[in-house]
Amino acid sequence: MEKSKRGRSYASSIPLLPIVALGWGALACTGIVDGSGSGRPNGNDNDNHGGSANGGTSHGGAPPGVAPAGYKAIHKLNRAEYNATVADVLGTSLQPATGAWRDGEVAGFDNIAAVQSVDEPQYQRYFDAAGALANDAFANAAFKAKYVTCTTSDAACVNDVIASLGLRLFRRPLLDAEVANYAKVYAAAQTQGEAHENALKQVLRALLASSEFLFRMEFDPDPTSTKEHPLSGFELASRLSYLLWSSAPDDALLNAAQDGSILQDATLQATIDRLLLDPNRAPRFVKNFYGQWLGGRRLADHAVAPDVYASWNTGLADSLTQEMYAYFSDFLYSDRSWLDFLTADVNFVDANVAGLYGLQAPAAPGFTRLEITTDQRRGFMGLGGFLALSSM
């Protein structure tokens, strides 16, 4: 168990027992404690290696190519994280991050910093998306009511809007110098004839096109030290929200980071419970973590020989995917032992899945939870989705 400089163990109280059962790596993603001497952030976009991509020396006194304890590379938002973040923060229905936005993968996961690079064409996509998102946001009355809280061009008004937007997009308070830089964007827009609101729109575009938004950056207060130290409240809030929501911290999480209460065991536990119970955002954890870990997200693209499996179609593939998600969620949100994951006689069936399993279709639309003890299928490896994925 890792401990901070103050000798206090934060990780011991996290009520993520389902995630612990899935492996230490998932829990470590929360990063309660960081032992890095890496001088973060840096140009080495790599979670697993302390040295630079060009063979430079690693930080914190570690040998070349070996990460110091707790090393955390800067992490680019992947497509799911980008789309979820702009939806939650801006209230937009636009989803700019499409298949053309490349996401590198390692071991089936698309959130590994080592392969999340940006080239010139990709940055152009970011810049174009920033413009479209800014236009869409400022056409939304709810967005303007939350962020455009003043109508004058004086410094106090402009800086207040910049600070409010920056806090939510950078997942931390902006430095005074950063506020001043984005105020120059506003001033330049006004010089070119833009009115107050349109000038603020250009500020939003600049924020969305910035590296501080596109990358989740953490800053080591003592880059030369290799001793363990706690994450800041904002760093912890961001790691939690991107683990469980694939998105930026909400206002409640930012407030807990600001007052430091997120670093207290009771608040941390309550926060994780709240995030996992969010009906709109918590399903992203199921889809983006479990869906990649055990393949649910790949099922729709699985190649099936139509002459052998004549009943296979996109509707059945979608239903089997949803059953896989529901099966995982049944363990995530209950007291069922994770030792039963491979043996539980539980299925979630709709008309499509019931037909495949030779069962009567449920009377009600949607999925029905069944415990079936009379067949030969048991546990996760008895699910039709897993069997399809593991077929040749």
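Preceding this section is the structure that the text describes.
Residues numbered from 1 in each chain as written. Predicted model: local features only at pLDDT ≥ 70, side-chain atom pairs only at ≥ 80, totals over all residues. Heavy atoms only, no water.

Time to look at the pattern of salt bridges. All chains considered together, the criterion is met by 14 salt bridges. Where Asp110 meets Arg297, a salt bridge forms, and the shortest distance between an N and an O atom there is 2.8 Å. A residue pair is termed long-range when its members are at least 10 positions apart, and Asp110 in the loop between helix H3 (79-90) and helix H4 (120-138) and Arg297 in the loop between helix H13 (283-293) and helix H14 (314-332) qualify at 187 residues. Looking at Asp110, the relative accessible area reads 4%, which means it is buried. Between Arg274 and Asp250 there is a salt bridge, with its nearest N and O atoms 2.8 Å apart. Here Asp250 lies in the loop between helix H10 (233-244) and helix H11 (251-258) and Arg274 lies in helix H12 (residues 265-276), a separation of 24 residues in the sequence. According to the relative accessible area criterion, Arg274 is partly exposed, its value standing at 33%. The buried category is assigned to Asp250, whose relative accessible area is 15%. One salt-bridge network, in which partners are shared between bridges, spans Asp330, Arg336, Arg369 and Glu371. (Salt bridge = Lys/Arg side-chain N within 4 Å of Asp/Glu carboxyl O. Helix = DSSP H or I, 4+ residues; strand = E, 2+ residues; numbered from the N terminus. Buried < 20%, exposed > 50% of the residue type's maximum accessible area, 1.4 Å probe, protein only.)

With that settled, consider the packing of aromatic side chains. Inspection of every chain in the model, using the stated rule, returns 22 aromatic pairs. Relative to Trp293, the ring of Phe289 lies with its centre 5.8 Å away and its plane at 15°, an arrangement referred to as stacked. Of this pair, Phe289 and Trp293 both sit in helix H13, four residues apart, which is roughly one turn of that helix. A ring pair is formed by Tyr327 and Phe331, whose centres lie 5.3 Å apart and whose planes are at 50°; its orientation type is tilted. With Tyr327 and Phe331 both in helix H14 and four residues apart, this pair spans about one turn of that helix. (Phe/Tyr/Trp six-rings, centres within 6.5 Å; stacked < 30°, edge-to-face > 60°.)

Here we take up helix H7 (residues 176-191). End to end, H7 covers 22 Å across 16 residues, agreeing with the expected 22 Å (1.5 Å per residue, within 8%). Among the residues of H7, those classed as buried are Glu178, Val179, Tyr182, Tyr186 and Ala189. The buried residues of H7 occupy one face: seen down the axis, they fall within an arc of 100°. Structural note: H7 exposes Asp176, Ala177, Lys184 and Thr191 on the side pointing more than 90 degrees away from its buried face. Directly beyond the C-terminal end of H7, a positive phi value near 95° is found at Gly193. (Expected span 1.5 Å × (residues − 1). Arc of directions from axis to C-beta.)

So, on to the packing of H13 against H14. It is at 10 Å that the axes of H13 and H14 come closest, and there the two elements cross at 110°. In terms of their interaxial angle, H13 and H14 are classed as roughly perpendicular. Contacts from Phe285, Val286, Lys287, Tyr290 and Gly291 of H13 reach H14 at Met324, Tyr325, Phe328, Ser329 and Leu332. Its residues assigned to classes, the contact of H13 with H14 comprises seven nonpolar, two polar and one charged. (Axes fitted to C-alpha atoms, helices over the stretch in contact; angles between N-to-C directions. Parallel < 35°, antiparallel > 145°, perpendicular 65-115°, else oblique. Contact = heavy atoms within 4.5 Å. Nonpolar A, V, L, I, M, F, W, Y, C, P; charged D, E, K, R; others polar.)

On to the state of the cysteines, then. Chemically, a disulfide is nothing more than a covalent bond linking the sulfur atoms of two cysteines. Per the stated rule, a full pass over the model turns up one disulfide. Put simply, Cys150 and Cys157 are joined by a disulfide, and their sulfur atoms are 1.9 Å apart. Torsion about the S-S bond of the Cys150 and Cys157 cystine: about 95°, corresponding to right-handed handedness. Each member of the pair, Cys150 as well as Cys157, carries the same accessibility label: buried. (Disulfide = S-S within 2.5 Å.)

In this section: the packing of helix H6 (residues 155-170) against H7. Relative orientation and spacing of two packed helices are given, respectively, by the angle between their axes and the distance between those axes. Packing of H6 against H7 brings their axes to within 10 Å, and their N-to-C directions diverge by 115°. Read as a crossing pair, H6 and H7 show a hand that is right-handed. Each of Val158, Asn159, Ile162 and Phe170 in H6 lies in contact with H7, whose residues at this interface are Glu178, Val179, Tyr182, Ala183 and Tyr186. Looking at the contact of H6 with H7 residue by residue, the classes come out as seven nonpolar, one polar and one charged. (Left-handed = near helix turned anticlockwise from the far one by under 90°.)

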